[in-house]
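Chains, contacts and geometry: an overview
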Amino acid sequence: MIREKYADVIQELFRRYPERKSAILPLMHIAQHEYGYMSEEAMQEVADILGLNPTHVKSIAGFYTLFYEEPVGKYVLEICNDLACALRGADEFVAMASNKLGVPVEGTTPDGLFTLKTVMCLGACDRAPMLQCNLRFHEHLNEEKFTALLDHLHQEASSDQVESAVVEKIVSYIN
Amino acid sequence: MSDLVTITVDGVEVTVPKGELVVDAAKRIQNDIPVFCYHPKMAPVGMCRMCLVEIGLPVRDRATGEILRNPDGTPQLNFGKGLQTACTVQVAPGMVVRTTTKEVDEARAGVIEFLLTSHPLDCPICDKGGECPLQNLTMAHGVGTSRFDFSLKMKMDKHVPLGDLIFLDRERCIQCARCTRFQAEVVDDPVIGFHNRGRSLEIMTLSDPGFDSYWSGNTTDICPVGALTTADFRFGARPWELIPVASLDPYSPAGSNIVFSTRIEAKAGGRTVIKRILPRQNEAVNEIWIDDRTRFGHHFAESPNRLTKPLVRKNGQLVEASWDEALQAVADGLTRNKGAAAGLSNDRVSNEALYLFQNLIRRGLGSNHLDLSGARLAGGDVTAKVGLSKGSNLKELGKGDAILVVASDLHEEVPIWWLRVKQAAERGATLVVMNVRPTRLEQKAAHVFRYGAGEALSATHDLLNAAKVDSSGDDPLTVAAASLVNANNLVIFYGYEGLSYGETDTLARILANLLLLKNNEGQAHAGRVNNGLIAVWPHNNTQGAWDMGIHPAFEPGYKAVANPGMGEAEIIAAAQTGDIRALYLLGADPVGDGRMADRGKLDFLVVQELFRTPTAKLADVVLPAQSWAENDGTFTNGERRVQRYYPAISTVGLSRPDWQIIAQVGEKLGQGKGPIAASLVFRDMARAVPQYKGMDYRSLAQVEKQWPDVGGADLYYGGTSYENKSGLGQQWAAEAETKLPEPYTLGDTNKPELMGLQLIYGAALYNGTGRLIREAEVLRPRLAQPTVLLHETDAQTRKINHGDTVQVNVNGLNIEAVAAVNGHVPAGLAVLRGSQFIPGLQRAAVHK
Amino acid sequence: MAHLLLRHREIENIKKLDVYRAHGGYEALKKVLSMAPAEVIQVVMESNLRGRGGAGFPTGLKWNFIPKVAGDKYVVVNTDESETGTFKDRELMEGNPHQVIEGTLIAAYAIGAKLTFNYMRGEYMDAAYAFEEALKECYANNLLGPNILGSEFSCDMYPHYGAGAYICGEETALLESLHGNLGQPWSKPPFPAVEGLYRKPTVVNNTETLANVPLIIQNGAEWYKSMGTPGSTGPKIVCLSGHVVKPGNYEIIMGMTYRELIYDLAGGIPGGKKVKGFLPSGGSGPVVKEEALDAPISYEGLDKFGSAMGSASVIVMDETVDMVWAAKKATHFFKHESCGKCTPCREGTFWLDKVIHKVDSGRGTANDIKVLNSVAEQIGGKCLCALGEFAKNPILSTIKHFPQDYQAKVRANG
Ligand SMILES: Cc1cc2nc3c(=O)[nH]c(=O)nc-3n(C[C@H](O)[C@H](O)[C@H](O)COP(=O)(O)O)c2cc1C
Ligand code: SF4
Ligand code: FES
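Just so it is clear, the model here is predicted, and its values are computed rather than measured.

**Details of the confidence of the model for chain C**
- In the predicted model, chain C carries a mean pLDDT of 97, and 100% of its residues have values of at least 70.
- Taken together, the chains of this predicted complex give a pTM of 0.96 and an interface ipTM of 0.95.

Here it is in structure tokens:
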């Protein structure tokens, strides 16, 4: 489905890189957006587009933290609890978030809306606690702001207007 | 600048080619720098860090470039900041390497300790135990104790099938990436990869079927731990109980050198059995690799379906008989029909058997009606003249050289040749591929010529003509032709895909003429080392069959027969009319192969076989022969290298070696007492066949030091492939090496008029109809089933979809096959794989 | 003093091309187009500009290593920025992308590259938007593409987004990742200058490094050198985080002390607490004690203290911080980010992580501290890339400087 839907993007990517294989990360970002996660089907499609063995795509998917090989919630809440953030209360913030969502870290809420993860430094240490949700940064957080964010996301989800930042990023430049 | 560099390793000087890695240079003087990730057949990656050593370089004066010296005159050395990996650093003049310092010892012990922190240390139940690089290097360099707290150890999956053939033990894997690099870099099947990262790295595959590669077994040889094991050998035996016996691939004309690991087994009734097959190094033949058919296809030798006793037909029934009775029955049956006897042989048996067979038919029965059964490819007489020259090694082809491959799918037919041709292309050789349909080798080709169905001869003739005119044209054919003629070296492979037997004869001659053309310097390729023609024979000893005169028109050594006899087709036809009344089949099954309907008017039919084949069922006498695993003999590979194999397992039943049976029949026919050992047959043969002059079992068993230095105690370097101690074989010289023959006059090479859908047979390495390979249970899920490849338009007009079961009517046969509509064939052509052999180009009907 | 790099802080919307140009933007590029490439390299060499990605390699020298023969060459900008406590390249890309683009174009011109990529960590959304907007403007205004500003010089520039891997900041891992392979570093040589992207000569420079280049061209090497110390010239962005009143990026002139930065510019430590120690370059440089506060922020400033400025991501820890905990956090990071290619790093970080967790949770023994120390030493000097070398630092330096914290944790267990 990517091949048809993103035909222009694929063509442009192939033009940009001297070697096709280089397009694997952008294509995987797109595939993950389209399939929700890096399912075997998604990997197979990327492999077909690039003329690679699907094993290679799986290999890449396993290496990078931004690719999910298991289904995830509509929103992936990735809280940085690396050292610099932890000095400013990130660990407590994770505990609070987990409590609020009612799922442990790496868990997904029963409604399939939220997956909670902790991640290494996201380059926002001066604005901790912070999290990234589907690649959008939310900084200077506290419990109150977190609750507000969840509320907002609940609303957005029901309006079915979920955006994927990274695909927008890759696609916007090309158009 | 000189091409040699001298360095000093622990005080010992060694001079090696420029660009060589320190680890290899040290190896040349028996300084075994320990390695895990490095493998001499793969590019270094420097990742395991086991090979850390101290490396110093002479200090030079910035201005003058002079080497600065200490007061005692020795050069001043700079050892840099720390240890360096011997596997990634290239030698440099004046380099000094230290491998025995405290720092080096500590580094080695440290790496071992690190590796063992996540290793299960389950050596007592590990297949690799006893031949495990990790085990050996731990003994040699480890500290003996670990400070790692075992409660912190990771638990991982232990019996992960990566496919039908290979199992993975995740706990044992040390992440050296040898297997993944082998698959990606050496054989171009990147079907296994790492997943995750850091300590969570693990090998996995997403290919379908799992670990989908004809080369998968090799990863178990080069894996430095017991992480990868074959489904065939897992938990089969402990390496130290195994007795190695040298042998040869029984399938392909590459003649890959192998070793049987054998053992006396109680559960086999105290018989010596084959536990596994490993490659045996022969750098000129298969280096240290074998394909999976070679590795896993041996089970036919020990099959319970083997014939174990002679059978004689009595009252219409084949009943067990003594050897003497059976041999006498053969002698009687043949004598009875002396004026009308014929022989057909297969091209799998030994030279010794073939030689005696032709002798029996020609001298014993006075008949020239002798042929190869199911011959697919002609031109043995041509390769005798312009074949690959003696002393050639495909490994030496590279930049400036050229390879032409015509009408063959090497990847399916002779994977070792596919690999070596591919690697030559990667080293820079110009590869030209001509075929009627795409084949895998094309991916590496500089020029691809896809001729139309039936146009192989005209297309190659055009190429020859383009090569003749010293033209500077820039059409692809001229460019390709020029690159062939003007290459430093030229090797040509030709096969039989889509060609009739007769056409292959013409093809061989066209290509011979190409090799005889003179280049800019007035030199022909034929006759020079690393040049010549190679026939992609269908079987392991087709070359030997040609050499031994299993041919109606040639005696051993290609001597023309004064009054040629009948070929196979005529013999079979004559059996129908009664002109031939006695037929001796040596391992041939014309009924099973669909070339012979019944006995016709034969008075006597004798079949010498391993199995109760359809033809054997019709015979008057069935003689149970031994497989190649039970006796000794020689095969001659497609590069005309005569090689020995040795007896490895206990005799199955009362079977006897082919040559011995024939000699005994001969004796009964009054030919006198035959030779009593294969070596003596070979001695007679070497006298009768001029090309084999000077060869004997001793000379064939000679070995010389090979590089890289694998095997022996340092298992970690080359993997478990065996050092060759049993013979590298001897190539025989083509005629062109002494005198260039005249070019051939060529017959008709015109394009035929074709109508309708044309069908050709496409080779499959694991052809499901193969009598021998079917006995290998591990390969059974992978056997190629009848599949017909169709072009989209041809499929559409017949309303056939990918995956449909269809009927293929061809050559008087109706074959049920699965349709594959996936862009791999040109329009108007169908390719049938995994079926019985279909010769040449045939008009076919394909329908649902 | 006005910012030289973080100029968006004074100049609103300098991320727009017209604003950037109105403030002298792309004048340096113009100037360069009339210079010989060798001259450009010469000026950068004279400026003593050193890499801001951490290693501090002289930038001009790096450019000069590129073979001066025709053929494909590449410039790759390193905006992978994933070191704990580092967020300077993000701000630069978000606020002042044209200065990075201009620097990149100058580098491309100097080495003869026609194609450049910016490898940006996949998480940096806003930086990506800003960068792409800027690229669009450049293409629309003849600053990218064929015949830039009417000259013979043509150059393309594309973003490339990573997908979450710290190791991809290491230059060879970055190139492998850009090749579409696993982001694992390769053993050097070959160096990227000889065989880099697509096995062609390649310059890999940090984002901030390249943002300095237009300044040098525009104002000359002498002007540039007049800032900072002889070994550390020019401005430097310091990422300040942890226990400070005003965390954030600070553009300073090298030579300023850490104390001045923390107390004079960043308002000191919250609650008036004391500094226990600080990490001068994120998780990867050895921790230093409070005594190092008076060291100058420069490439050589922390030599005496056994540490280094690195990319200048300063994480401050006040007196309440348990250094075993801090070492655990940092070690976990390296274990998480180890690519797994080489044995000492893969196994060593895993081992250290296990043991430091044990010690931190109060289950450790005195022997565990010994094991930590020696395993860390055993990693040192044996790895394929610098990540492994970094990984030993948190353990070794905290054990060295704060043994009492370890003792306190293992005391009960003998
Ligand atoms: C593990 C590791 C991570 C690195 N991460 C980055 C990074 O995120 N950004 C960066 O510019 N350099 C990083 N580097 C340094 C780069 O390898 C390289 O030295 C740098 O990009 C060169 O640019 P410069 O000379 O302009 O500093 C890292 C190095 C290592 C070993
Ligand atoms: S399975 Fe064997 S060959 Fe492959 S990486 Fe692991 S240890 Fe190396
Ligand atoms: S690093 Fe040299 S052998 Fe592995």
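**Examining the interface of chain C and chain A**
- Facing the 64 residues of chain C at the interface are 47 residues of chain A.
- Across the chain C to chain A interface the summed buried area is about 4,500 Å²; carbon plus sulfur atoms make up 59%.
- Summed over the shared surface of chain C and chain A, the number is three salt bridges.
- For Arg199 of chain C, the salt bridge is made with Glu19 of chain A, and the minimal N-O distance between the two is 2.9 Å.
- In this structure, the connection of chain C to chain A is made through 22 residue pairs in polar contact (both at pLDDT 80 or more).

**Let's talk about the site of ligand 1**
Residues and elements named next belong to chain C.
- Taken together, 19 residues sit near ligand 1, with Gly53, Lys62, Asn205, Asn206 and Thr209 positioned nearest.
- Between ligand 1 and Asn205 there is a distance of 2.8 Å, counted from an oxygen atom to a side-chain nitrogen or oxygen.
- Protein contacts shield 91% of the accessible area of ligand 1, which totals 600 Å² for the unbound molecule.
- Secondary structure elements with two or more residues in the shell around ligand 1: strand 4 (202-206) and helix 14 (386-401).
- Taken together, the residues of the shell around ligand 1 sort by class into five nonpolar, eight polar and six charged.
- For the shell around ligand 1, the domains that each give at least three residues are domain 1 (7-226) and domain 3 (323-413).

**Examining the interface of chain C and chain B**
- Between chain C and chain B, the residue contacts involve 30 residues of the former and 28 residues of the latter.
- For the pair chain C and chain B, the two sides together bury roughly 2,500 Å², of which 60% comes from carbon and sulfur.
- Where chain C meets chain B, there are three salt bridges.
- Notably, a salt bridge pairs Lys358 of chain C with Asp149 of chain B, separated by 3.5 Å at the nearest N-O pair.
- At the boundary of chain C and chain B, one finds 19 residue pairs in polar contact (both at pLDDT 80 or more).
- Every element with two or more residues in the side of chain C that touches chain B is listed here: helix 11 (323-337), helix 12 (343-360) and helix 13 (366-379) of chain C.
- Here the element with the most residues in the side of chain C that touches chain B is helix 12 of chain C; it accounts for ten residues.
- When the residues that make up the side of chain C that touches chain B are grouped by side-chain class, the tally is 13 nonpolar, ten polar and seven charged.

**Section: the sheet that holds strand 4 of chain C**
Residues and elements named next belong to chain C.
- Spatial ordering of the open sheet is given by 3-2-1-4, a layout of four strands whose pairing is parallel. Strand pairing shows two members of the sheet lacking a second neighbour, strand 3 (156-161) and strand 4, which therefore form its edges. Put simply, the sheet's adjacent strands are angled 20 degrees from each other on average, direction ignored.
- Note: strand 1 (residues 74-79) against strand 4, five bridges, orientation parallel. Paired with Asn78 across the strands is Asn206, a residue of strand 4.

**Points about the site of ligand 2**
- The environment of ligand 2 is formed by 14 residues, the closest being Cys173, Cys176, Ala177, Cys179 and Cys223 of chain B.
- Each residue belonging to the shell around ligand 2 can be placed in one class, and the counts come to twelve nonpolar, one polar and one charged.

**Re unusual backbone geometry**
Residues and elements named next belong to chain B.
- Each neighbour pair has its own omega, and for Asp208 with Pro209 the value is 0 degrees, a cis peptide bond.
- Its place among the elements puts Pro209 in the loop between strand 10 (202-204) and helix 5 (216-222).
- Unusually for a residue other than glycine, Phe211 sits at a positive phi of about 40 degrees.
- Relative to the assigned elements, Phe211 resides in the loop between strand 10 and helix 5.
- Residue classification places Phe211 among the buried positions, given a relative accessible area of 2%.

**Structural notes on the domain arrangement of chain C**
All names here are of chain C.
- Each assigned domain of chain C is listed with its residue range as follows: domain 1 (7-226), domain 2 (232-318) and domain 3 (323-413).
- Spacing between the C-alpha centres of domain 1 and domain 2 amounts to 26 Å.
- Between domain 1 and domain 2, the contact holds 24 residues from the first and 21 residues from the second.
- Between domain 1 and domain 2 the total buried area reaches about 1,600 Å² when both faces are included, carbon and sulfur atoms providing 53% of it.
- Of all residues in domain 1, Arg52, Phe87 and Lys88 give up the largest surface area on contact with domain 2, accounting jointly for 30% of the area buried on that side.
- The interface formed by domain 1 and domain 2 contains one salt bridge.
- Linking domain 1 with domain 2 are 15 residue pairs in polar contact (both at pLDDT 80 or more), by the criterion used here.
- By residue number, the principal contributor to the side of domain 1 that touches domain 2 is helix 9 (residues 207-225), which donates five residues.

Parameters and conventions
Residues numbered from 1 in each chain as written. Chains lettered and ligands numbered in written order. Predicted model: local features only at pLDDT ≥ 70, side-chain atom pairs only at ≥ 80, totals over all residues. Heavy atoms only, no water. pLDDT = per-residue confidence, 0-100. Contact = heavy atoms within 4.5 Å. Buried area = accessible area lost by both parts, 1.4 Å probe. Salt bridge = Lys/Arg side-chain N within 4 Å of Asp/Glu carboxyl O. Polar contact = N/O pair within 3.5 Å; in protein donor to acceptor, adjacent residues only side chain to side chain. Near = heavy atom within 4 Å. Areas by Shrake-Rupley, 256 points an atom, 1.4 Å probe, with all protein chains shown as cover. Helix = DSSP H or I, 4+ residues; strand = E, 2+ residues; numbered from the N terminus. Nonpolar A, V, L, I, M, F, W, Y, C, P; charged D, E, K, R; others polar. Domains from an automatic or database assignment. Pairing = 2+ DSSP bridges. Axes fitted to C-alpha atoms, helices over the stretch in contact; angles between N-to-C directions. Buried < 20%, exposed > 50% of the residue type's maximum accessible area, 1.4 Å probe, protein only.

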